[in-house]
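Okay, here's what each chain looks like letter by letter:
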Amino acid sequence: MPVPWFLLSLALGRSPIVLSLERLVGPQDATHCSPGLSCHLWDSDILCLPGDIVPASGPVLAPTHLQTELVLRCRKETYCDLCVRVAVHLAVHGHWEEPEDEEKFGGAADPGVEEPRNASLQAQVVLSFQAYPTTRCVLLEVQVPAALVQFGQSVGSVVYDCFEAALGSEVRIWSYTQPRYEKELNLTQQLPDCRGLEVRNSIPSCWALPWLNVSADGDNVHLILNVSEEQHFGLSLYWNQVQGPPKPRWHKNLTGPQIITLNHTDLVPCLCIQVWPLEPDSVRTNICPFREDPRAHQNLWRAARLRLLTLQSWLLDAPCSLPAEAALCWQAPGGDPCQPLVPPLSWENVTVDKVLEFPLLKGHPNLCVQVNSWEQLQLQECLWADSLGPLKDDVLLLETRGPQDNRSLCALEPSGCTSLPSKASTRAARLGEYLLQDLQSGQCLQLWDDDLGALWACSMDKYIHKRWALLWLACLLFAAALSLILLLKKDHAKAAARGRAALLLYSADDSGFERLVGALASALCQLPLRVAVDLWSRREMSAQGPVAWFHAQRRQTLQEGGVVVLLFSPGAVALCSEWLQDGVSAPGAHGPHDAFRASLSCVLPDFLQGQAPGRYVGACFDRLLHPDSVPALFRTVPVFSLPSQLPDFLGALQQPRTPRPRRLQERAEQVSRALQPALDSYFHPPGTPAPGRGVGPGAGDGT
């Protein structure tokens, strides 16, 4: 069976199916037609001269449709040529003209005129065939009996066998009558090569055909040619062009099986491969395997470039033809998207390597060209920036002209086109009055103009300079104020960098308790705290006296934003109770270095006047004193039991810059480890029973 064109087009894809063709025996051309028609082929070809269209005086036969099929014309079993069979479908067009005397006088027509209406129709149908380098025209005579002549109806077809053509070539076929009553029919077809047909053993030029396969390996593409080792063949890579000749990219003569590697960046949709045996009159096999490859389409747009030719003309350079449209847009500095100038301008269809023009009066660096394909932005370039410099901070004014000389103006901004004048809060609206003045005084550059409107570019430099001057003045004032604030906070910042100050007050009940206090003070110094305790300042305290030393330390600590820590013990509770009852204590009751006793004269007023919270913190040791034993007046500030409440205690000491909970827990564990040996030594001295220290069974029992 013959192979219809649409089946061949389905078969000849990336991996074509092999199809068999009908065989015609003998070298003679022939013709046959539909039942009821008679047809005859002229013995020789004719000149291909269509001539002009002439009017028909009655019904005529006219070609209405062309259909092609592929067959093999074989002189021997294994010696065939590819041949194109053409079928021309015919129909009756036109009508009989009424005799003038019958129309004029209303009488009967001459009986001699009836004979043409019952006669058969004849036509000379020309088939013109062109396939490089061959051009042929044949003449087919067709006769239709009167019984089949029905106006506007198809009468059948006439088939011509056949036009020989080369594999892989492009053929063009025309059909018309002689004389020509209507426009000729035409058909263009691309013939398959040896890969798509079962002809390798029938057509001599296909006997030594190299078989080509394409495979992918990561980022590379392999061209695999399975041929014998002694086979010589040529391989060419080229860009297939819709308009114009192909563009060669690479050519080489090779021998034997080959694997050629291409990088994926070299792939474009129109990259085609041509392979042929190095023999006389060999068939060249063409394959374009990357037409639908997504990577090839991405590479095509990466390789595409816009090129400015003159002020108004430019073109798109690309390896392959592509569907695209372009429009002008306005690119403002600052990275905002380029705003298409549609309307007032319109999108224009783009053809690769064809010069295009925009109706511009002047160029501007902010004017750019956007190229879209399938409604997606693929390419954007500011063509005029190369010659006119970088982007400018100009405002584009769009003038719209209506009927009766009505005009309106708006300023193009990222948020849209702002009407002028306007009370909006945009930059163009705030400067609208000045922009209109610049436009009227001719200080704006006109870029485009027609009956519907115009485009103007207005400079903003002079307004920007004024704003920059005000901004610099504001910056100087801000810097001066900031310097003053930094100077005022300098001392506080230095103190914060050294850590918060903490004054530790305690009652020296005995030497063991003093060692315990010294261990706590040393552990706190490992943190960002500056600890003051009388144990480390005995010489100064002896020189100044306990009361003067405490007053000086308390004033300095509180001025720096520090905290006073009251470390309660049974002795300290007794002293506080004594002060609260009598207001004074016997001077000889304690040693000369007891700062706690000396400090009560200043500590109690702060508590009585409600000034202690935030500046004082209380603490006691777990097994030595319970917090509830502390007098109620001193419990108006937090009192922590150590070491069980160390995290809360450290958090209170380091306010207002309290560390994160995890960091605070780590510091509490650090202080606890440093304090534990002193606690063990105090409550369980080696070789002695645990001291009562005023707590536990029988503590303080003097009876």
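Residues numbered from 1 in each chain as written. Predicted model: local features only at pLDDT ≥ 70, side-chain atom pairs only at ≥ 80, totals over all residues. Heavy atoms only, no water.

1. A look at the overall build of the protein
A count of helical and extended segments in the protein gives 16 helices and 36 strands. For the protein, the proportion of its 703 residues judged to be buried stands at 43%. Across the protein, every contact between residues at least 6 apart in sequence was considered, and the portion connecting residues at least 24 apart equals 65%. Carbon and sulfur atoms make up 53% of the accessible area of the protein, which amounts to about 38,000 Å² in all. (Helix = DSSP H or I, 4+ residues; strand = E, 2+ residues; numbered from the N terminus. Buried < 20%, exposed > 50% of the residue type's maximum accessible area, 1.4 Å probe, protein only. Contact = heavy atoms within 4.5 Å. Areas by Shrake-Rupley, 256 points an atom, 1.4 Å probe, with all protein chains shown as cover.)

2. Details of the state of the cysteines
Here the structure, examined in full by the defined rule, presents 9 disulfides. Here Cys48 pairs with Cys137 through a disulfide, and the sulfurs are 1.8 Å apart. Judged by the torsion about the S-S bond (125°), the Cys48/Cys137 disulfide is right-handed. Taken together, the residues span a long stretch of sequence, with Cys48 in the loop between β4 (38–41) and β5 (60–76) and Cys137 in strand β8 (residues 134–144) at a distance of 89 residues. We classify Cys48 as partly exposed; its relative accessible area is 33%. Owing to a relative accessible area of 1%, Cys137 belongs among the buried residues under this scheme. (Disulfide = S-S within 2.5 Å.)

3. Structural notes on the sheet that holds strand β33 (residues 529–533)
Read across the open sheet, the 5 strands follow the order β33-β32-β34-β35-β36; overall the sheet is parallel. Edge positions in the open sheet fall to β33 and β36 (639–642), since each of these has one partner strand only. Within this sheet the neighbouring strands show an average axis-to-axis angle of 30°, counted without direction. Set on the sheet, helix α10 (residues 511–525) makes contact with β32 (500–506), β33, β34 (563–567), β35 (616–621) and β36; between it and β33 the angle comes to about 160°. (Pairing = 2+ DSSP bridges. Axes fitted to C-alpha atoms, helices over the stretch in contact; angles between N-to-C directions.)

4. Structural notes on the pattern of salt bridges
Under the definition given, this model contains 22 salt bridges. A salt bridge links Glu164 to Arg73, with the nearest nitrogen and oxygen atoms 3.6 Å apart. With Glu164 in strand β9 (residues 154–164) and Arg73 in strand β5, the pair connects residues that are 91 residues apart, well separated along the chain. Judged by relative accessible area, which is 30%, Glu164 ranks as partly exposed. The class of Arg73 is buried, set by a relative accessible area of 4%. Here Arg663 and Glu666 are joined by a salt bridge, their closest N and O atoms 3.4 Å apart. (Salt bridge = Lys/Arg side-chain N within 4 Å of Asp/Glu carboxyl O.)

5. Quick word on empty space enclosed by the protein
Summed over the entire model, instances satisfying the criterion amount to 2 cavities of 30 Å³ or more. A volume near 60 Å³ is recorded for the largest cavity. Val60, Leu61, Ala62, Pro63, Ser175, Tyr176, Thr177, Tyr181, Glu182, Lys183, Glu184 and Leu185 together form the lining of the largest cavity. Examining the composition of the lining of the largest cavity, we find that 4 residues originate from one element, β5, more than from any other. Of the residues in the lining of the largest cavity, the class split is 7 nonpolar, 2 polar and 3 charged. (1 Å grid on protein atoms, 1.4 Å probe; cavity = no way out; pocket = protein on both sides within 12 Å on 5 of 7 lines; lining within 4 Å. Points joined across faces, edges and corners; volume = space filled by probe spheres on them. Nonpolar A, V, L, I, M, F, W, Y, C, P; charged D, E, K, R; others polar.)

6. Brief notes about the packing of helix α15 (residues 646–653) against helix α16 (residues 661–683)
The N-to-C vectors of α15 and α16 enclose an angle of 110°; their axes lie 9 Å apart at closest approach. By the angle class used here, α15 and α16 are roughly perpendicular. Residues Leu646, Pro647, Leu650 and Gly651 of α15 form the contact with α16, whose own contacting residues are Leu664, Gln665, Arg667, Ala668, Val671 and Ser672. Its residues assigned to classes, the contact of α15 with α16 shows 6 nonpolar, 3 polar and 1 charged. (Parallel < 35°, antiparallel > 145°, perpendicular 65-115°, else oblique.)

7. Concerning the environment of Tyr176
By secondary structure assignment, the location of Tyr176 is in strand β10 (residues 170–177). In this structure, the C-alpha to C-alpha distance between Tyr176 and Val88, residues 88 residues apart in sequence, is 9.7 Å. When neighbours within four sequence positions are excluded, Tyr176 is seen to be in contact with Cys48, Leu49, Pro50, Pro63, Gln124, Val125, Val126 and Glu184.

8. Focus: the packing of aromatic side chains
Enumeration according to the criterion identifies 10 aromatic pairs in this entry. The ring of Trp239 carries the charged tip of Arg249 above its face, separated from the ring centre by 3.8 Å. Between the NZ or CZ atom of Arg623 and the centre of the ring of Phe683, over which it lies, the distance is 4.4 Å. (Phe/Tyr/Trp six-rings, centres within 6.5 Å; stacked < 30°, edge-to-face > 60°. Lys NZ or Arg CZ within 6 Å of the ring centre and 35° of its normal.)

9. Some points on the pairing of strand β6 (residues 79–93)
Among the 15 residues in β6, 11 count as buried, and that is most of the element. Of the strand pairs in this sheet, β5 and β6 are connected by 15 bridges, and their pairing is antiparallel. Bridge assignment links Gln67 to a residue of β6, and that residue is Ala87. Hairpin connection of β5 to β6: 2 residues between the antiparallel strands.

10. Regarding the sheet that holds β4
As summarised here, the arrangement of the 5 strands in space is β4-β8-β7-β10-β11, forming an open sheet in which the pairing is antiparallel. Only two strands of the sheet have a single partner each, and these edge strands are β4 and β11 (185–190). Ignoring strand direction, the axes of neighbouring strands in this sheet form an average angle of 20°. Across 6 bridges, the pairing between β10 and β11 is antiparallel. Each residue of the ladder has a partner; that of Trp174, found in β11, is Asn186.

11. A short note on the side chain of His222
With respect to the helices, strands and loops of the structure, His222 is situated in strand β13 (residues 220–226). Polar contacts involving the side chain of His222 include one to the side chain of Thr261, which spans 3.1 Å. Apart from residues lying up to four places away in sequence, His222 is in contact with Asn213, Val214, Ser215, Asp217, Ile259, Ile260 and Thr261. (Polar contact = N/O pair within 3.5 Å; in protein donor to acceptor, adjacent residues only side chain to side chain.)

12. Looking at the nonpolar core
Here is a general trend for soluble globular proteins: nonpolar side chains tend to be buried in one another's company. One finds Trp314, Leu341 and Val369 to be the most contacted residues of the largest nonpolar core, which totals 55 residues. The residues contacting Trp314, other than those within four sequence positions of it, are Leu306, Arg307, Leu308, Leu309, Ala326, Val350, Lys354, Val355, Leu356, Phe358, Val369 and Leu383. Within the second largest apolar cluster, 38 residues are counted, among which are Leu70, Val86, Leu187 and Ile203. (Core = buried A, V, L, I, M, F, W, Y, C linked by side-chain atoms within 4.5 Å.)

13. A look at the side chain of Asn299
Position of Asn299 relative to the elements: it lies in helix α4 (residues 294–303). Residue class for Asn299 comes out buried when judged on its relative accessible area of 7%. A polar atom in the side chain of Asn299 sits 2.9 Å from the side chain of Arg302. Among residues more than four places away in sequence, those in contact with Asn299 are His264, Thr265, Asp266, Leu267 and Val268.

14. Considering the environment of Glu279
Within the secondary structure, Glu279 is located in the loop between β17 (271–277) and β18 (285–287). Here Glu279 falls in the partly exposed class, since its relative accessible area comes to 43%. Along the primary structure Glu279 and Gln231 are separated by 48 residues, whereas in three dimensions their C-alpha atoms are 10.0 Å apart.

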